[in-house]
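# Close look at the chain arrangement
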Amino acid sequence: MTSNVLTQKPHILEITLEELKAIVATLQLKPFIATQIMEWVYQKCVCDFALMSNISKANQKTLSEAIETKWGEKIDVLPSKDDLALKHIFYLNDDAKVEAVVLKEKTYNTLCVSSQAGCPVDCKFCLTGVVGFKRNLQTYEIVGQIFSAQKQGHAISHLVFMGMGEPLLNFDNVFKAIRILNAEYGFNISKRKMTVSTSGYLAGIERLIKEDIHINLAFSVGCANPQKRELLMPIEKRNPLTEVSQALHRYQALHNRKLTLEYTLLEGKNDSHQDIRELCALAKYLSAKINLINLNPHPKIPFKPISTKSLHQIKETIEKAGVPVTVRFKKGQDISAACGQLGESYL
Ligand code: SAH
Ligand code: SF4
């Protein structure tokens, strides 16, 4: 169990039911209190022991001395003009900030979750990369993003780890959060509705295989040509595309989960016929679908998006090659909540 570094107490949003039962036993309280607490937290979105009315005042005091509950005291919520995206900026207790975005679909809501404050991977087209790396998020700071969205009345059924940060570089905290979010006592979000997106960190993918973790993966390709990729995504140097693809292939063979190739289009950098041919070959090898994202521009990012016409042509070329393809609809550009735009709050 990790604990809040500032208080050394475990945080309520990062304890599993098993761990909570052990704490409750150490505090010499009745075992059923652990279940009551989880009901308050995950069904009623109440973290504060003082509000847990079926727990006695004395027990509330004992619990609050042993377990940290502070979360989300300072949040900004920014709705997009079309009201389809809602960005949350969480101000953490050490000046770090983290952003999460509620994406409203017709019949359900997805939360785009952050795994790190900033990101060390430094992809040249991503604002989070430009902002740089602040720190890994603790488990409770990841679970807390979903907790706050739920508390504000946005029922979240789908999660995408496509916010700030490279999730596989914060493996332990991200996958502990996933365990809690997936648990029946937690928010009970199906793993089939969770997607972890990675820029291709080999050791992380190897760990997914070794630990037999089943989750939908998205791989951010950048460019399917290794030399060109390295110029856009420095991670290529130590995590070569050939090895990453082989690792993803092995993961797919073992788990048969959905794999998506995320492809951010940059004018003149990765949009040639040859680039798209190489992308299709990779998708076929991995039995993956392609998700095209036209660049969300920003003054700090030295690239341009492609034209809408070219985007449609590329989509058609991919379809003709027999690879399933979708185009990511830009939600929340006006509030800097679209892909690769998170981190604005640092600038
Ligand atoms: N670090 C992980 C998770 C973040 S996902 C990863 O890179 O996969 C963010 C997604 O948005 C990635 O697919 C990334 O390639 C894409 N992206 C980054 N910057 C972008 C931008 N400016 N415009 C459009 N997409 C961008
Ligand atoms: Fe980090 Fe992903 Fe942005 Fe690259 S695209 S800098 S890995 S958040």
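Please read all numbers here as calculations on a predicted model, not as lab measurements.

Inspection of the entire model under this criterion finds four aromatic pairs. When the ring of Y42 is compared with that of F187, the centres are 5.0 Å apart and the planes differ by 85 degrees; the resulting orientation is edge-to-face. Pair noted here: Y42 is in helix α2 (residues 32-43) and F187 is in the loop between α6 (171-182) and β8 (194-198), with a separation of 145 residues, a long-range link. In this pair, the class of Y42 matches that of F187, namely buried. In textbook terms, an aromatic cluster arises when at least three aromatic residues are bridged by ring pairs, as seen for W71, F90 and Y140. Cation over ring: K44 sits above W40, and NZ or CZ is 4.0 Å from the ring centre. Geometry around Y91 places K74 over its ring, the cationic atom sitting 4.1 Å from the centre.

Before going further, it helps to spend a moment on the nonpolar core. Proteins that are soluble and globular tend to have nonpolar side chains buried together. One finds L13, I37, F125, L159, F175, L261 and I318 to be the most contacted residues of the largest nonpolar core, which totals 105 residues. Here this core spans two domains, since at least three of its residues come from each of domain 1 (12-66) and domain 2 (75-335). In this view, F125 contacts L232, M233, T264, L266, L295, I301 and F303; residues no more than four positions away in its chain are not counted.

Turning our eyes to something else, we now look at the pairing of strand β3 (residues 97-104). Across the eight residues that make up β3, a large majority, seven, are buried. Of the strand pairs in this sheet, strand β2 (residues 85-91) and β3 are connected by seven bridges, and their pairing is antiparallel. The partner of H88 across the bridge, within β3, is A100. By the bridge criterion, four bridges tie β3 to strand β4 (residues 109-112) in an arrangement that is antiparallel. Bridged to K104 within β4 is N109.

Residues in close proximity to ligand 1 total 20 residues, the closest being F125, G165, S197, S220 and N296. Within the contact set of ligand 1, an oxygen atom lies 2.7 Å away from a side-chain nitrogen or oxygen of S197. T264 has a polar side-chain atom sitting 3.3 Å from a nitrogen atom of ligand 1. Within the complex, the protein chains bury 95% of what would otherwise be the 540 Å² of accessible surface of ligand 1. Listed by contribution, the elements that provide at least two residues to the shell around ligand 1 are β8, β10 (259-265) and β11 (289-294). Of the residues that constitute the shell around ligand 1, the class distribution is eight nonpolar, ten polar and two charged.

With domains assigned, the protein chain is organised as domain 1 (12-66) and domain 2 (75-335). With centres defined by C-alpha atoms, the gap from domain 1 to domain 2 works out at 34 Å. Contact residues are listed per partner, giving twelve residues for domain 1 and 14 residues for domain 2. The junction of domain 1 with domain 2 conceals about 1200 Å² of combined surface from both sides, 68% of it contributed by carbon and sulfur atoms.

Thresholds, definitions, all that
Residues numbered from 1 in each chain as written. Chains lettered and ligands numbered in written order. Predicted model: local features only at pLDDT ≥ 70, side-chain atom pairs only at ≥ 80, totals over all residues. Heavy atoms only, no water. Phe/Tyr/Trp six-rings, centres within 6.5 Å; stacked < 30°, edge-to-face > 60°. Helix = DSSP H or I, 4+ residues; strand = E, 2+ residues; numbered from the N terminus. Buried < 20%, exposed > 50% of the residue type's maximum accessible area, 1.4 Å probe, protein only. Lys NZ or Arg CZ within 6 Å of the ring centre and 35° of its normal. Core = buried A, V, L, I, M, F, W, Y, C linked by side-chain atoms within 4.5 Å. Domains from an automatic or database assignment. Contact = heavy atoms within 4.5 Å. Pairing = 2+ DSSP bridges. Near = heavy atom within 4 Å. Polar contact = N/O pair within 3.5 Å; in protein donor to acceptor, adjacent residues only side chain to side chain. Areas by Shrake-Rupley, 256 points an atom, 1.4 Å probe, with all protein chains shown as cover. Nonpolar A, V, L, I, M, F, W, Y, C, P; charged D, E, K, R; others polar. Buried area = accessible area lost by both parts, 1.4 Å probe.

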